Amino acid sequence: MSHERTTPLNAAILAGRWIRSAGTDHGQGRRWQANPDHRGRAAVGSEPASLYAGAAGIVLFFLDMAAATGHEAYLEEARQGARYLAGTWREQQDLTLYHGLAGTVFALTEAGWVLGEERLEDEARAAAGHIVSKARPLAGGLGWSNDPAQRGDGGIVLGLLRAAAMLGVPAYEQAALEAGERIAALAVPGHQFGDCPGIPSDAVTPGFYSGTAGTAFLLARLYGVTGDERFLEAARRGSGFVKSVAVVTGHAAYVPHHVPHGRGLHYLGYCSGSAGVARMFYELYRVAGDPGDLDWTERLAAGIIASGVPYQQTNGYWNSACQCCGTAGLVELFVGLWAATGREPYREYARTLAEHLIGRATGHDGRGHRWYQAYRRLRPGEVSADTGYMVGAAGIGAALLHLDAAEQEGETRRVILTPDNPFPAIPSPAFLH
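The present account deals with the structure reproduced in this document. Please read all numbers here as calculations on a predicted model, not as lab measurements.

About the criteria used
Residues numbered from 1 in each chain as written. Predicted model: local features only at pLDDT ≥ 70, side-chain atom pairs only at ≥ 80, totals over all residues. Heavy atoms only, no water. Helix = DSSP H or I, 4+ residues; strand = E, 2+ residues; numbered from the N terminus. Rg over C-alpha atoms; globule rule 2.2 N^0.38 Å. Buried < 20%, exposed > 50% of the residue type's maximum accessible area, 1.4 Å probe, protein only. Contact = heavy atoms within 4.5 Å. Areas by Shrake-Rupley, 256 points an atom, 1.4 Å probe, with all protein chains shown as cover. Lys, Arg positive; Asp, Glu negative; His and termini not counted. Charge placed at Lys NZ, Arg CZ, Asp CG, Glu CD. Axes fitted to C-alpha atoms, helices over the stretch in contact; angles between N-to-C directions. Parallel < 35°, antiparallel > 145°, perpendicular 65-115°, else oblique. Left-handed = near helix turned anticlockwise from the far one by under 90°. Nonpolar A, V, L, I, M, F, W, Y, C, P; charged D, E, K, R; others polar. Core = buried A, V, L, I, M, F, W, Y, C linked by side-chain atoms within 4.5 Å. Polar contact = N/O pair within 3.5 Å; in protein donor to acceptor, adjacent residues only side chain to side chain. Pairing = 2+ DSSP bridges. Salt bridge = Lys/Arg side-chain N within 4 Å of Asp/Glu carboxyl O.

Remarks on the overall build of the chain
Here's step 1: A count of helical and extended segments in the chain gives 14 helices and six strands.
Here's step 2: Here the C-alpha atoms of the chain give a radius of gyration of 20 Å, agreeing with the 22 Å that 2.2 N^0.38 yields for 433 residues.
Here's step 3: Considered along the principal axes of its C-alpha atoms, the chain spans approximately 55 × 50 × 50 Å.
Here's step 4: Residue burial in the chain is summarised as follows: out of 433 residues, 62% are buried.
Here's step 5: In the chain, the share of contacts with a sequence separation of at least 24, taken over all contacts with a separation of at least 6, comes to 66%.
Here's step 6: Looking at the chain as shown, the accessible area adds up to about 15,800 Å², and 49% of this sits on carbon and sulfur atoms.
Here's step 7: Computed over 37 positive and 43 negative side-chain charges, the separation of the two mean positions in the chain equals 4 Å.

Have a look at this one:
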């Protein structure tokens, strides 16, 4: 299929067509197959409701699609997905942001706002209240698990902060602050991997989703909410550790996947690489105003560009297109950097990344765009195309929509960004108007 004239918006529309073809009605709502290919095996196939790979993330994509196109069909798709989430959230045991109930709260809240359905917001409040009720005393304070990283309690805290702001319930923020105080008391928060396949149990991970940078991001966010210097000091401990293990070459910086064993393995994406770590430094800059943090944000971006991606694949940037570890996550970073700084080279590089994404889409059967990728770097022969947000077409489509929003000169629209994205939700620098 030729992609010569396919714009980011058109590519997102075609991704939406494929995702819609994977929908199945379920009770009062709709969910989507993780991988609708005949005999296909999904990269993450057991999370029908999650923000990472299930209905919550796909609802967000369709809300973005409706904002970009004005078409009611996308609102209806989002409505049906939100109704599925509203009717099934009590079945979820996982409470985390990307894989569990905190992500459902986020999706229901966004859907309730856009669709004007009070029932969805009511269910979001009930689900958020359930998360708060499940907190328990741990060593050092309140929490849900012993994992302070974004994949664990850190993500739950971010979800509760967003829910408190959007739903107007101070109790969610109070629970988030109590859990955050426990995390802030850790020596270097969030940096022990421990249970990841293929990684030594004593590995220390500076990355975003499962490591120090993501937890430092959370602590910076808590400082921005409270002004409490304890949170800023803890965030600085985290960012200091990340800087101490980073490799700096000229104005470019790279962060190892894990130390001491993987110092030479530099991921570039959101989960464990530069795109995620850059979020942490930008959040610090946003809340504390130190130009040095913005400099580190831009050093990491410069390292991505210097690596030669998207046309060159590296050990830390392999055959992956998705938000989590691939090209779409880089598009989000560079659109965000342009929105925050107004520096045109960032938007131009986002266009380059998007063109590459569009060029590698598959749509041979007329059902729409999907992206075949090796989601797991250590299993390069395991290739699949998925519908979900962090792992598949919904998140790729969303990144393309966010670039499209940044291209609309003289016109602004709000895009939906996850709670761990520090960049402006209206991707149009105010000083350009």
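Here the narrative resumes.
Describing the packing of helix H6 (residues 153-167) against helix H7 (residues 170-184)
Two quantities define a packed helix pair, namely the angle between the helix axes and the distance between the axes.
Here's step 1: Relative orientation of the contacting elements H6 and H7 amounts to 155 degrees, with a least axis distance of 8 Å. Put simply, H6 runs roughly antiparallel to H7. Judged by the sense of rotation from one axis to the other, the crossing of H6 with H7 is left-handed. In this structure, H6 contributes Asp153, Gly154, Val157, Leu160, Leu161, Ala163, Ala164 and Leu167 to the contact, and H7 contributes Tyr172, Glu173, Ala175, Ala176, Ala179, Gly180, Arg182 and Ile183.
Here's step 2: In terms of residue class, the contact of H6 with H7 is built from 11 nonpolar, two polar and three charged.

Quick word on the nonpolar core
Here's step 1: Counting residues in each nonpolar core, the largest one holds 145 residues, and the members touching the most others are Met280 and Phe334.
Here's step 2: For this core, the element with the most residues is helix H2 (residues 55-69), which contributes 11 residues.
Here's step 3: Apart from the residues within four sequence positions on either side, Phe334 is in contact with Ala301, Ile304, Ile305, Tyr346, Arg347, Tyr349, Ala350 and Leu353.

What about the side chain of Thr215?
Here's step 1: Its place among the elements puts Thr215 in helix H8 (residues 212-226).
Here's step 2: Note on Thr215: relative accessible area 0%, which makes it buried.
Here's step 3: A polar contact is formed between the side chain of Thr215 and the backbone oxygen of Pro148, at a distance of 3.5 Å.

With respect to the pairing of strand S1 (residues 23-26)
Here's step 1: As paired strands, S1 and strand S2 (residues 29-32) are joined by four bridges and run antiparallel to one another. Bridging across to S2, Gly23 finds its partner in Trp32.
Here's step 2: Linking S1 back to S2 in an antiparallel pair, the connection comprises two residues, with Gly27 at a positive phi of about 60 degrees.

Some details on the pattern of salt bridges
Here's step 1: All told, the structure shown has 30 salt bridges when counted by the stated rule.
Here's step 2: Glu121 is the partner of Arg125 in a salt bridge, and the nearest nitrogen-oxygen pair spans 3.6 Å. Placement of the pair is Arg125 and Glu121 together in helix H5 (residues 118-133), with a separation of four residues, close to one helical turn.
Here's step 3: The shortest N-O distance in the salt bridge between Arg351 and Glu344 comes to 3.2 Å.
Here's step 4: Of the residues examined, Arg351 reaches a relative accessible area of 21% and is grouped as partly exposed.
Here's step 5: Judged by its relative accessible area of 32%, Glu344 is partly exposed.
Here's step 6: Connected through salt bridges with shared partners, the residues Glu344, Arg347, Glu348, Arg351, Glu407 and Glu409 form a single ionic network.

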